[in-house]
Every structure is written in structure tokens, then in C-alpha cells.
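Working through the structure, step by step
Here are the chains, one letter per residue:
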Amino acid sequence: MESENLKNETSSEKTKNFLEEIIEEDIRTGKHGGRVLTRFPPEPNGYLHIGHAKSICLNFGLAQKYNGKTNLRFDDTNPTKEDVEYVNSIKEDIEWLGFKWDNELYSSDYFEQLYQWAELLIQKGLAYVDDQTQEQIRTNRGTVNQAGTNSPYRNRSVDENLDLFRRMRAGEFKDGEKVLRAKIDMGHPNMLMRDPLLYRIIHTDHHRTGDKWCIYPMYDYAHGQCDSIEQITHSICTLEFDVHRPLYDWFIEKLEIFPSHQYEFARLNINYTVMSKRKLLQLVQEKTVMGWDDPRMPTICGLRRRGYTPESIRSFADKVGVAKRDNVIDLSLLEFCLREDLNKRALRRMAVLNPLKVVITNYPEGQVEELPAINNPENESAGKRMVPFSRELYIERDDFMENPPKKYFRLAPGQEVRLRYAYFVKCTDVIKDANGNITELHCTLDPASRGGNSPDGRKVQGTIHWVSAQHAIKAEIRLFDRLFAKADPDDVPEGVDWKSSINKESLTVIEGLLEPSLRDVKPLDKFQFERLGYFCVDSDTTPSKLVFNRTATLKDTWAKIAGQ
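Residues numbered from 1 in each chain as written. Predicted model: local features only at pLDDT ≥ 70, side-chain atom pairs only at ≥ 80, totals over all residues. Heavy atoms only, no water.

What follows is about the overall build of the protein. Scanning the protein for helices and strands turns up 14 helices and 27 strands. Relative to the 2.2 N^0.38 estimate, which gives 24 Å for 564 residues, the radius of gyration of the protein is 31 Å and therefore markedly larger than a compact globule would have. Each of the three principal axes of the protein carries a C-alpha extent, and together these read 100 × 55 × 45 Å. Among the 564 residues that make up the protein, the fraction classed as buried is 52%. Accessible surface, the protein: about 26100 Å² in total, of which carbon and sulfur atoms supply 46%. (Helix = DSSP H or I, 4+ residues; strand = E, 2+ residues; numbered from the N terminus. Rg over C-alpha atoms; globule rule 2.2 N^0.38 Å. Buried < 20%, exposed > 50% of the residue type's maximum accessible area, 1.4 Å probe, protein only. Areas by Shrake-Rupley, 256 points an atom, 1.4 Å probe, with all protein chains shown as cover.)

Moving on to the side chain of His223. Relative to the elements of secondary structure, His223 occurs in helix H8 (residues 219-230). Those residues in contact with His223 that lie beyond four places of it in its chain are Arg39, Arg73, Ser235, Cys237, Tyr248 and Gln262. (Contact = heavy atoms within 4.5 Å.)

What follows is about the sheet that holds strand S14 (residues 355-360). Across the sheet, which stays open at both edges, the seven strands sit in the order S21-S18-S19-S20-S14-S17-S22 with mixed pairing between neighbours. Unpaired on one side and paired on the other, strand S21 (463-464) and strand S22 (467-468) mark the two borders of the sheet. Pairing of strand S18 (residues 416-419) with strand S19 (residues 424-432) involves three bridges; the strand directions are antiparallel. Within S19, the residue paired with Val417 across the bridge is Val425. (Pairing = 2+ DSSP bridges.)

Residues lying three or four places apart along an α-helix face the same way, a consequence of the helix completing one turn every 3.6 residues. With 13 residues, helix H7 (residues 158-170) extends 18 Å from end C-alpha to end C-alpha; this agrees with the ideal 18 Å at 1.5 Å per step. Considered for burial, the residues of H7 that qualify are Asn161, Leu162, Leu164, Phe165 and Met168. On its buried side, H7 packs onto helix H5 (111-123), strand S4 (127-130), strand S5 (179-182), strand S6 (197-201) and strand S7 (215-217). One or two residues past the end of H7 sits Gly171, with phi positive at roughly 90°. (Expected span 1.5 Å × (residues − 1).)

Within the secondary structure, Cys536 sits in strand S26 (residues 533-537). Separated by 16 residues in sequence, Cys536 and Ala552 place their C-alpha atoms 9.6 Å apart.

Our next topic: the confidence of the model for the protein. For the protein, per-residue confidence averages 94 on the pLDDT scale, and residues scoring 70 or more make up 96% of the total. Low confidence marks residues 1-12, where pLDDT is under 50. Its contacts with residues over four positions away, or in another chain, come to 14 contacts. (pLDDT = per-residue confidence, 0-100.)

Before going further, it helps to spend a moment on the packing of aromatic side chains. Per the stated rule, a full pass over the model turns up 20 aromatic pairs. Each ring, one from Phe74 and one from Tyr106, has its centre 5.1 Å from the other, and the planes form 25°; the classification is stacked. Separated by 32 residues along the polypeptide, Phe74 in strand S2 (residues 69-74) and Tyr106 in strand S3 (residues 103-106) bring together distant segments of the chain. Each member of the pair Phe74 and Tyr106 is classed as buried. Ring centres 5.8 Å apart and planes at 75° place the aromatic pair Phe111 and Tyr216 in the edge-to-face group. One end of the pair, Phe111, is in helix H5; the other, Tyr216, is in strand S7, and 105 residues separate them in sequence. (Phe/Tyr/Trp six-rings, centres within 6.5 Å; stacked < 30°, edge-to-face > 60°.)

Okay, the packing of H5 against H7 next. Close contact between H5 and H7 brings their axes to 9 Å; oriented N to C, the two are set at 160°. As far as their axial angle goes, H7 and H5 are roughly antiparallel. Where H5 crosses over H7, the two elements pack in a sense that is right-handed. Taking contact as the criterion, the partners of Glu112, Tyr115, Gln116, Ala118, Glu119, Ile122 and Gln123 in H5 are, on H7, Val158, Asn161, Leu162, Phe165, Arg166 and Arg169. Along the lines of polarity and charge, the residues of the contact of H5 with H7 split into six nonpolar, three polar and four charged. (Axes fitted to C-alpha atoms, helices over the stretch in contact; angles between N-to-C directions. Parallel < 35°, antiparallel > 145°, perpendicular 65-115°, else oblique. Left-handed = near helix turned anticlockwise from the far one by under 90°. Nonpolar A, V, L, I, M, F, W, Y, C, P; charged D, E, K, R; others polar.)

The biggest cluster of nonpolar side chains holds 38 residues, and the ones touching the most others in it are Leu114, Phe165, Leu180, Leu198, Tyr199 and Tyr221. Considering every element that reaches this core, the biggest residue donor is H5, with seven residues. Setting aside residues no more than four positions away along its own chain, Phe165 makes contact with Tyr115, Ala118, Glu119, Ile122, Val129, Leu180, Tyr199 and Ile215. Ile50, Ile90, Leu97 and Phe99 belong to the second largest nonpolar core, which has 37 residues in total. (Core = buried A, V, L, I, M, F, W, Y, C linked by side-chain atoms within 4.5 Å.)

Further remarks concern the environment of Lys212. Looking at where Lys212 falls in the secondary structure, it is placed in the loop between S6 and S7. Classification of Lys212 by relative accessible area gives exposed; the value is 58%. When the C-alpha atoms of Lys212 and Arg169 are compared, they prove to be 9.4 Å apart, with 43 residues separating the residues in sequence.

With that settled, consider the sheet that holds S2. Here three strands make up an open sheet; going across it, the order is S1-S2-S3 and the pairing parallel. The open sheet has two edge strands with one neighbour each: strand S1 (37-40) and S3. The mean angle between the axes of side-by-side strands here comes to 30°, regardless of whether they run parallel or antiparallel. Two elements, S1 and S2, share four bridges in a ladder whose sense is parallel. Across the sheet, Phe40 pairs through a bridge with Leu72, a residue of S2. Helix H4 (residues 84-96) contacts S1, S2 and S3 of the sheet and is inclined by roughly 160° relative to S2.

A word on the pattern of salt bridges. For the structure on display, the rule yields 49 salt bridges. A salt bridge links Glu104 to Lys91, with the shortest nitrogen-to-oxygen separation between them at 3.3 Å. Note that Glu104 is positioned in strand S3 and Lys91 in helix H4, a separation of 13 residues in sequence. Classification of Glu104 by relative accessible area gives partly exposed; the value is 31%. Salt bridges linked by common partners bring Asp293, Arg305, Glu476, Arg478, Asp538, Asp540 and Lys545 together as one network. (Salt bridge = Lys/Arg side-chain N within 4 Å of Asp/Glu carboxyl O.)

The next subject is unusual backbone geometry. Positive phi values are uncommon outside glycine, yet Glu256 reaches one of about 55°. With respect to the helices, strands and loops of the structure, Glu256 is situated in the loop between helix H9 (245-255) and strand S9 (262-265). A relative accessible area of 64% means that Glu256 is categorised as exposed.

Let's shift gears to the packing of helix H3 (residues 50-65) against helix H12 (residues 310-320). The N-to-C vectors of H3 and H12 enclose an angle of 75°; their axes lie 9 Å apart at closest approach. Classified by the angle between their axes, H3 and H12 sit roughly perpendicular to one another. Contacts from Ile50, Ala53, Lys54 and Cys57 in H3 reach Ile313, Arg314, Phe316, Ala317 and Val320 in H12.

The following block contains the structure:
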């Protein structure tokens, strides 16, 4: 699957996507004076996820490419769900991804202007106050195959509508008692054009305006008008908003304001993942995960805590590209971008996660020597570090077999292996407990092979990692895997909870033994534990307890499981 996703990325000159073609044509023809201004308009009612990251990369990236600018505008039109906590987390995520907005704006900045325009629509006979209940409005909207029914309040006079709307603003009515609707066409084939709601009554304090307002604009009304106020040239939305575009254009046309234009691209869908805000919230509230920043979550803060880099996410967004049709991207592509980036920047360290004790019987007791080890073979400037070597070591239990099959090149009785950066060693004895479990290996080393090569030129095919027993430091290791065991978590029989698709082995916690150079790490430091995978220091780390998250294995193990 990785090769399929990447096969179009080999050419030196990538084909322009349809948005780039549109922008270049606009610049060529002098539309908007050649100016490019995009916006990213998140709702401050939750945490951003990888789908938002793609949109961020697209909006900010296009503006950067064409010497334009991008506004960050919070769509804060529903005070019941919004919080400053989300505002701050969204800003942190955008900056972490490597982007900087031109202006930090809010839909609430324009509440007065939006209200005045709503009055103008009333004065033009294009909006009215409706007293129907929410259920009545829903029922009377009709269906795809059946026209809707006009509200009995649709033909109120301009004066009566203005009076009622102003009294709505003054707080005379209860929540849900009245709404303001556009007067378009209850028989329109696009159901969003069947007299959509413009304002509803919500007696809730707003995180920025306090109790100044008790009526709030609907997204479909606020969206295009905010774009127009800011003179956005290219309003880029995901594909589900294509049916909203006629309404977007209708408001701009009737209000005779700056003609921002909406363009739609396919939203990001990834297998083994859910990105529904409702479902992610359910996972958090039911404590299926540790929180919004759980390293298994697709949230940007979760990916950051797991050890993803902004460069890997930007690379992923670039490789996914921009399409007009919805599709599902393989999670392996995101993991490929991560490995590709971490391979270049992550320092190598040795850690043993399933330890088996080794005693080098011909090495002097009490002797310790420091051996040079390469920090990153992909980056010579990363230099080297010194690792302590002593008589007693720990290796991975999986690196020893008492009765190995043919072509087994790791440690076995009478078989020689290379200890990484150290010596050739040969297993001479296997120590077991009363139950027959292997507890310790006795080995001898070849003193002439210091550094991993022998003067006589003999070949040793197996190389394994290790840590010195007396110098090793303990750490909690969280082995994270995909949160869902099924490619499509929603693919469950009728009546079965979608959460039944959760991978019960998505987190395993063990204790590992690490080389001592890892003693003074700080949260978000990233390393490759040699032969094991990429790991990141978790935010739960304290001076007395190290915690590492597994960011990714060295290879895509899921490709084998899926038979790819």
C-alpha cells in the first residue's frame, strides 16, 4: 500500500492540483489584484486532528506558495460548546506545525455587522422571524423527493419582522421560542436552500462577548459574510460543504458585498482511525483513552505526544495531495512519513525491553570500559557518545535461542554474535531455574574484536544490542499500537457498538532497561532504540521516573498482518 501511495511522488515536477491551477489563473488574469488571502476557520469546541492538519497545511501552504497570507478565524458562533482552552490548543497546534497566521480573528468580531446585514435582509423581504418549534421546522422542510411547506409566519410584514428580531436581540424571548430564517424557496431541490435558519436564541454567556448577545448566527450565515468582511479570495472547505456553496453565494449576492468564493476539496479519511468529533469525545469521556492527547488518538496533540514531528505531518499532507473525490488513505503512509523523518533526525540509543542476563566469564570483575557509539549513521555531524561496557550485561530475550533453526544468526549455544559497538561473544553455558526457565547466559568474548571487528577477518553475521547491567537505568515503556484492529472501525454488524473494533492490544506497559545517556532526557525528546523502533519521552516523565512512548516500529508490521 505504501508503494501505491508513493508511486506518483517520484517525478521531480509534481502536477499542479486543481486549487493551484485556479489560483494561478486568478493571478494571471489579475483577479483581486493578484492578491491571495486564505483562512483557516476552526470551531473552538474541540481539539484539532490529523484531518484538520491537512487543511492547515493546504490553506497556509497555498498562501505561502503564492506570496499570500492566511487568517486564523475562530468560528465562535455557539457559546454552549466553546472554551478558551480550545482556542489556546488550536493556536499551539498550528504553530507547532510550523505555520503563522497573518491575523487572529473571531466570528464574534463581526457580530454587530452580521446583525445589521440580517436586518437588511429583513428590509429586503428576504428574511422573517419564525415561531415554529425546531421539530415543526424540520418536518415542514420536506424531503429530497418532496417539497417543503411554507411556515405560517413566512409572510409577516417587514415592520413586524424587524420588531420581533430586535426584541429577540433584547432578550424578550426564551431559547428556541423564535428563529430568524432566510426567505428563499421551500421547494428548492437543495434542501439547504429551503428557508435556512440565520439566527437562534441562546441565553448563554460567550467566551469573548460575555452576556452582550443572546442571539447567535448560524454557521451557514456567518461563514460567507465573515469571508467577505476579511476579503478572503479563496475560501477552501472540505467536500461536504459543496452543497452549502449555493447558500454561501446567495447571501453574498443579496447583500451585495465582496464576492469571496468557496472551493471544495476531499476531506482526509484514514483507515484504522475515526475522526468524528463526537466519537473522539466519546472515547475520552468513557475513558477508553487517557485523554485528548492520548498517543493513540488522531488529534494533533496526541500525535505530538506520541512522537510525531511537524515535518512528518507536513510531508504526509503533501503526499496525500488535493483531490475532488473522497477516498481512504492507508495509515501506513502516515507512518512511512514519520519513519522517513525520524530516521534522519532521531539519535540512536540502546535499550533492552525484555531482558536476559549475560555474564562475560572471561572479562575482569569490576572492570568498566567506555566504548564509542554512533549517534546517527544518517547524520555524521551528530557525532558519537560513549557507552559503558562491563562483565554483566542484559540482552533481549528474543535474541537467544537454545535450539535454533538453520540460518538463525543471533546468540545460541556455541554460536558467536557481535555485541553492537563492543565485542564478538560466544555462548558457553545456559543457566536455568528449577522450572527449566533460562535465567542467565554465560559467554566469552574475543578481546581482539573490540569495536566489532576481528583482526583475523572472520565473519559474524548476527549483531545484537545490549546494556551494561550495573549502569542501566529503568524506565516505563508504553508500547502503543493502532487504536483500532479493523481498517474501517464502523464496519460492524447492525446493533454492534463501533467501539468493538478497538484493538485490545493498543497499549502494553512494560519496564525497560536503558543505556545511561538517557538519564537526563526531557519530554518530546525522540530516539531510535536500536533494532526496536522509535521512542519519545512522555510528558508523564518526572526526575524520579522516566516514561517513553513507542512512536513507531522500525518496519510496518501491519502490512504483513493485512497481507499487503
